[in-house]
Amino acid sequence: MKTKDLASIAMMTTLLVVLSYVPGIPLGFIPVPIVLQNLGVMLAGCLLGGKKGSLSVCLLFLVGLAIPAFSGFTTTIQVLIGPTAGYVWTWLFVPLLLDCGLSHLRKITALTSFIVIWLTGVFFVDLLGGLYLAVYTGMSLFTAVVSSSLAFIPGDTLKVLVATLVFLRFHKISEGRKS
């Protein structure tokens, strides 16, 4: 791996840690808050690609063993054994899935990019996170997956919009360098 790649992974991990210090919004009816870190995970996949984006999430998990690197000043162990575990574990796969989806688009447009990022960064994460939440808390599958996911969709959709705009800008810049 090149020094530039290592620096990019480290910078993305730093962004993920910084986003953890923006206080989460507790929902009250489920023990999972609304956080900004998932925006960083989407950006990791969009900007670094699958392998490097997932490496930045792995590095976040390693950093979180030593310092509070997750929302609510929590550490890796706390988030990976608590009610948020299903959501956080999916973060490892989001960059890989995003890279796969975005690289297979015939034409990169705002709409197609938005859809791929939304399906991966929101639908995939909320579905698996909700499934784990149902098992962890004992709440019904319907309540965990549908009701809790509905609470996340508006804010997560705004995060996808931001990730899409950043991705399209970086894609345009990288296409300009190639020509």
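Taking an unreviewed UniProt entry as the reference, the chain is identified by name as Biotin transporter belonging to Streptococcus criceti HS-6. Here the chain is described in UniProt, under the heading Sequence similarities (unreviewed entry), as follows: "Belongs to the BioY family." One UniProt comment on the chain, placed under Subcellular location (unreviewed entry), says "Cell membrane".

Trainee: Where do I start with the environment of V116 in this structure?
Mentor: Positionally, V116 belongs in helix 7 (residues 110–137). Those residues in contact with V116 that sit more than four places away from it in its chain are L98, G101, L102 and L105.

Trainee: Help me understand the packing of aromatic side chains in this model?
Mentor: For any pair of aromatic rings, the description consists of the separation of the ring centres together with the inter-plane angle of the planes. Counted under the stated rule, the structure contains six aromatic pairs. When the ring of F61 is compared with that of F70, the centres are 6.0 Å apart and the planes differ by 45°; the resulting orientation is tilted. Both residues of the pair, F61 and F70, count as buried. Aromatic pair F61 and W89: ring centres 6.0 Å apart, planes at 85°, arrangement edge-to-face. Of this pair, F61 sits in helix 3 (residues 50–66) while W89 sits in helix 5 (residues 85–90), placing them 28 residues apart in sequence. Under the relative-accessibility criterion, W89 is labelled partly exposed at 41%. Three or more aromatic residues joined by ring pairs form one cluster here, namely F61, F70, W89 and W91.

Reading the values: the criteria
- Residues numbered from 1 in each chain as written.
- Predicted model: local features only at pLDDT ≥ 70, side-chain atom pairs only at ≥ 80, totals over all residues.
- Heavy atoms only, no water.
- UniProt positions renumbered as here; feature names shortened; annotations may be inferred.
- Helix = DSSP H or I, 4+ residues; strand = E, 2+ residues; numbered from the N terminus.
- Contact = heavy atoms within 4.5 Å.
- Phe/Tyr/Trp six-rings, centres within 6.5 Å; stacked < 30°, edge-to-face > 60°.
- Buried < 20%, exposed > 50% of the residue type's maximum accessible area, 1.4 Å probe, protein only.

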